[in-house]
Amino acid sequence: MSATAETTLTESRTLPRLRGLLPGWYSIGWGTALLVMLPVLAVLWLALFPTENIWPHLASTVLPVYIKSTLILMVGTGALSVAIGVGTAWLVTLCHFPGRRVFEWALLLPFAIPAYVIAYIYTDLLEYAGPVQILLRDLFGWQTARDYWFPEIRSIGGAILMLTLVLYPYVYLLARASFLEQSMSIRDASRMLGCSPWQSFYRVSLPIARPAIAVGLSLVSMETINDFGTVDYFAVKSMSAGIYDAWLNMGNVGAAAQIASLMMIFVVVLISLERVARAKSRQYTSPDRYRTIERYRLTKSRAWLCTLACSLPVLFGFLLPFISLADMSLAHLDQFSDSNFLGFATNSFTLSGVTALLAAAIAIVLAYSKRLYARNRSLQVAARMSNLGYALPGAVLAIGVIIPLAAFDNSVDAFMREHFNISTGLLLSGTPFALVFAYCVRFLAVSGGAVDSSLGKVTPNMDMASRSLGANTLRTLKEVHLPLIRGGLLTGVLVVFVDCMKELPATLILRPFNYDTLATYVYQYASDEQIESCSPAALLIVLVGIIPVILLSRTITATRASR
Amino acid sequence: MKKALLSAAVLSATFSTFAQAEEVNVYSFRQEFLLKPLLEAFTEETGIKVNVVFSKSGLLERLEHEGQNTPADLLLTADIGPLYDATERDLVAPIKSDIIEQNIPEHFRATDGRWVGLTSRARLIYASKDRVEPGEITTYEELADPKWKGRICTRSGKHTYNLSLIGSMIAHHGEAETEQWLEGVKANLAQKPQGNDRSQVKAIMEGVCDLALGNSYYYGKMATNEDEPEQKEWAASANLVFPNQDDRGTHMNISGAALTKYAPHPEAAVKLVEFLTQEKAQKLYAEANFEFPVRPNTPWSELLEEKMSGFKGDEINLGEIGANRAAAAKLVDKVGFDN
């Protein structure tokens, strides 16, 4: 097949209304969106009942600090993640340099390391009593902390660095997928029209990749805004700190829900602004997968510079913390043979696997009904709202999950008692179902993003062709769309899997009795400042995370057949 | 006679199988590994199984929304905060037990029995051995003295242990005076409040500061830490100061228990609390974490006996301190303690 002229089709029109739809898609879409939105709605509802109006107090005291640190944190982490993620993605996709093939997947590895683990490890390494400062003191003969200046790792800068190290892979992942899909013809055209490689990157590749980068950036921002573990550890007074304070120290759950709701609204505004900004340039591409990428040949020194640039994030985001964990684990190898330990690993594995598949299914349902009803405003908004669970701190989301589940359980119980004199007790609360539900709500933004962006690129002509050939919507989905978006879908599944393995705050609150995952087991000790005692579990989280991460990289590379 | 014996045997057999099936469900704010030896001892003695969910936040909300159908019988906490909140939100029921009333002094339990202290700890001032003369500081109030400018370290003012300390200052001196005090302490800080209690002591060793606030049990945890032996050095760099020995005594906090309002197994739950107040468990519980038993005349662990015995603890009822925690959190904001 030749590289067709129609490789990238920029269309401003939306899908035409398709007749003869199964009546189901609209209600299924709405129903699913509502179900996933329940916890978010519960938090909004909680916000209506504060025990006391906390805003006068906040406004006159710490609110400016909260807002300032949150903004610095978001802008800093976002900018750094985009710089690292997009930069390295472009290099490994379009340039030749030593180690390029290894970096393709190695750049994803930091993703397997939980933020709370990396924060702990770097503090250990860089604080006064850590090996780095001891070495410096030995070298220069300094005696105490007052003799020299060393950057404080427990600071907002430290938090930005830690979060960036584990979050930039989101941007890298999506940017790389987008660069890979881009047509070589476009680049060639731009080069022929006189663009330098840089100009071609800046004026052609980057704008085409923008939706993907935006999705990556919004994931990074939401993760940053909902993080509590790292910012708490580093004494950064962000909005999440304010939520916990109102909730646990002032006993005002309603006020905590208000702060959380405001944060969500802030995220919605941010994402909508970005959408509006690029609304007019919707792109449909049929990528020319069959032409191999011609990479830029670089001079030797430049090529080695690329190698250096790509190795830094891998070194600091993965190798150092990994070696450090492995080193600590050596003293506790016996844990690997502990039968409990195996149970925790099984729990983590099962929960993450089930959630990853379920979240993907939900994402497909939402994305497809959104596609079929492209002109239906309310459905579009509902589907977008269902991503908001990601912007809530895990513990707040857990409360949002508890409320509807307990309400359901208690209503069923009341009904059964009244009519059949049987007590059904709690059916869903405190079961693994509650955990899977919470994870789905939390990580739908991730799988949804992946599915949305790949489905968005499938031209509506495909639907029309398939439908005019007599296939109904379900069959079109099954036989046309699913095969086309396979790559994006698998990406979603794998990323959600890794995210679930690391999930902590919601798991702690919602889990059944006597139930541990690897993450909760790690936390039990880490929260008592004894991460050494649980380093094998932390190591296992990372090791298990590596497998999907490598699969992920292969999936993405495979989107472009190199035959 | 034989028949009577036989039926008694059958009866006791049925009873014990019944007891086997008995269980207590615990929502715990404390790490399971700290509780485990105790709970195992309880199961061994009574045959009652104990199930645990551990989380430091969110369990009160879970209890509240589960309502009458909650499986939880008991709350176990690591300080007064959640006990007080649970009482305020009407989530717990009074425990009526002569054993508990006998074993636990009044200031360590709610007057109506809605919470019970199980172990206690003191909030100490750790003072540098090299740079602070013994007796140079003897009260919390003196932490605001300008002579300590740039020499004090503490974790976040919002941490629950500090909130309770500030709450006790409010109880003794009122809000206005406490605010002034807190401002004074803030002005003396060597660095922005950060880290945990142990890292404050480490900061003393490192020369970052000369005084630090920290709970008493961290001394034991550091001084005996075989996993990270460098912590022994941190502990060795500081003297322990028990503040306010000449007046009200050192501020104390507790770990404790409360019975949930809709507990499905209230008898078994009370049995567990009673068990935890008995000498054997008190000794075990306190030793597990270098805390003090709350039951009078229970022997202390050797290390505590050597380093800490004979101090005077503040006997104000902890409920009063719990009630001041929200006000304390606001004061921390007001003076910008953590900024």
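Residues numbered from 1 in each chain as written. Chains lettered and ligands numbered in written order. Predicted model: local features only at pLDDT ≥ 70, side-chain atom pairs only at ≥ 80, totals over all residues.

Visitor: Whenever I open this one, unusual backbone geometry confuses me. Can you help?
Guide: Trans is the prevailing form of peptide bonds, just as negative phi is the prevailing case for residues other than glycine. Despite not being glycine, Ala235 of chain A shows a phi value in the positive range, around 55°. Position of Ala235 of chain A among the secondary structure elements: in the loop between α10 (229-233) and α11 (239-249). For Ala235 of chain A, a count of 22 C-beta atoms within 10 Å puts it in the buried group. The backbone of Asn297 of chain B shows a phi angle near 65°, a positive value even though the residue is not glycine. (Helix = DSSP H or I, 4+ residues; strand = E, 2+ residues; numbered from the N terminus. Buried ≥ 20, exposed ≤ 12 C-beta atoms within 10 Å, placed from the backbone.)

Visitor: Can you help me understand the nonpolar core in this one?
Guide: The nonpolar side chains of a soluble globular protein tend to be buried, and buried together. Ranked by internal contacts, the top residues of the largest apolar core, which has 283 residues, are Val171 and Ala438 of chain A. Of all the elements, helix α7 (residues 156-181) of chain A adds the most residues to this core, at 18 residues. Two domains each donate at least three residues to this core, and these are domain 1 (2-120 + 253-305) and domain 2 (123-250 + 319-334) of chain B. In this structure, Ala438 of chain A is in contact with Leu397, Ala398, Val401, Ala506 and Leu510 of chain A, ignoring residues within four places of it in sequence. (Core = buried A, V, L, I, M, F, W, Y, C linked by C-beta atoms within 7 Å. Domains from an automatic or database assignment. Contact = placed C-beta atoms within 7 Å.)

Visitor: Quick question: what am I supposed to make of the domain arrangement of chain B here?
Guide: In many analyses, interface size is given as the accessible surface area lost on bringing the parts together. All names here are of chain B. When cut into domains, chain B gives domain 1 (2-120 + 253-305) and domain 2 (123-250 + 319-334). Relative to domain 2, the C-alpha centre of domain 1 lies at a distance of 30 Å. Between domain 1 and domain 2, the contact holds 12 residues from the first and 14 residues from the second. Every element with two or more residues in the side of domain 1 that touches domain 2 is listed here: α4 (80-88) and α13 (302-308). A per-element tally of the side of domain 1 that touches domain 2 places α4 first, with four residues.

Visitor: Is there a simple way to think about helix α2 (residues 32-46) of chain B in this case?
Guide: Owing to its 3.6 residues per turn, the α-helix brings residues three or four apart onto one side. Residue and element names in this part refer to chain B. The terminal C-alpha atoms of α2 lie 20 Å apart, and with 15 residues this matches the ideal 21 Å at 1.5 Å per residue to within 8%. In the structure, α2 departs most strongly from a straight axis at Leu38, where the bend amounts to approximately 25°. All of the buried residues in α2 are Leu35, Leu38, Leu39 and Phe42. Of the surrounding secondary structure, the elements contacted by the buried residues of α2 are β1 (23-28), β2 (49-54), β3 (74-77), α11 (266-277) and α12 (279-288). Gly47, located one to two residues past α2, shows a positive phi value of around 75°. (Expected span 1.5 Å × (residues − 1). Bend = angle between axes of the 7 residues up to and from the residue.)

Visitor: Is there a simple way to explain the pairing of strand β7 (residues 211-215) of chain B in this structure?
Guide: Side chains on a regular strand alternate between the two faces of the sheet. All names here are of chain B. Extensive coverage of β7 is indicated by the burial of five of its five residues. In β7, alternate side chains face the same way, and those of Leu211, Leu213 and Asn215 on one face and Ala212 and Gly214 on the other are all buried. Pairing of strand β6 (residues 152-153) with β7 involves two bridges; the strand directions are parallel. Bridge assignment links Ile152 to a residue of β7, and that residue is Leu211. (Pairing = 2+ DSSP bridges.)

Visitor: I tried to follow the interface of chain B and chain A on my own but got confused; where do I start?
Guide: Contacts between the two partners involve 46 residues from chain B, matched on the other side by 43 residues from chain A. Contributions of two or more residues to the side of chain B that touches chain A are made by α2, β2, α3 (59-66), α4, α8 (197-206) and α15 (325-334) of chain B. A breakdown of the residues in the side of chain B that touches chain A according to their chemical character gives 11 nonpolar, 15 polar and 20 charged. (Nonpolar A, V, L, I, M, F, W, Y, C, P; charged D, E, K, R; others polar.)

Visitor: Mind showing me how you'd approach the packing of helix α22 (residues 518-526) of chain A against helix α23 (residues 535-558) of chain A here?
Guide: Helices that pack against each other are described as a pair by the angle of their axes relative to one another and the distance between those axes. Residue and element names in this part refer to chain A. For the pair α22 and α23, the least separation of the axes is 9 Å and the interaxial angle reads 145°. Once α22 is placed against α23, the crossing between them reads as left-handed. Contacts between α22 and α23 involve Leu518, Ala519, Tyr521 and Val522 on the former and, on the latter, Ala537, Ala538, Leu540 and Ile541. Its residues assigned to classes, the contact of α22 with α23 shows eight nonpolar, no polar and no charged. (Axes fitted to C-alpha atoms, helices over the stretch in contact; angles between N-to-C directions. Left-handed = near helix turned anticlockwise from the far one by under 90°.)

Visitor: Is there a simple way to explain the UniProt feature "binding site: Fe cation" (unreviewed entry) in chain B in this structure?
Guide: Residue and element names in this part refer to chain B. Within this structure's numbering, the places UniProt gives as "binding site: Fe cation" (unreviewed entry) are Tyr217 and Tyr218. Mapping Tyr217 onto the fold places it in helix α9 (residues 216-223). Take Tyr217: there are 22 C-beta atoms within 10 Å of it, and that puts it in the buried class. Setting aside residues up to four positions removed in sequence, Tyr217 forms contacts with Arg121, Asn289, Phe290 and Glu291. Beyond its immediate chain neighbours, meaning those up to four positions away, Tyr218 contacts Asp197, Arg198 and Val201. (UniProt positions renumbered as here; feature names shortened; annotations may be inferred.)

Visitor: For this particular structure, what's the right way to read the pairing of strand β5 (residues 116-128) of chain B?
Guide: All names here are of chain B. In terms of burial, β5 is a largely internal element, 12 of the 13 residues being buried. Sheet topology places β5 next to strand β10 (residues 292-293); two bridges connect them, and they run antiparallel. Bridging across to β10, Ser120 finds its partner in Phe292. One ladder, built from five bridges, connects β5 with β7; its direction is antiparallel. Bridging across to β7, Ile125 finds its partner in Leu213. Relative to strand β8 (residues 238-241), β5 is paired through four bridges, and the arrangement is antiparallel. Considered in β8, the bridge of Ile125 is made with Val241.

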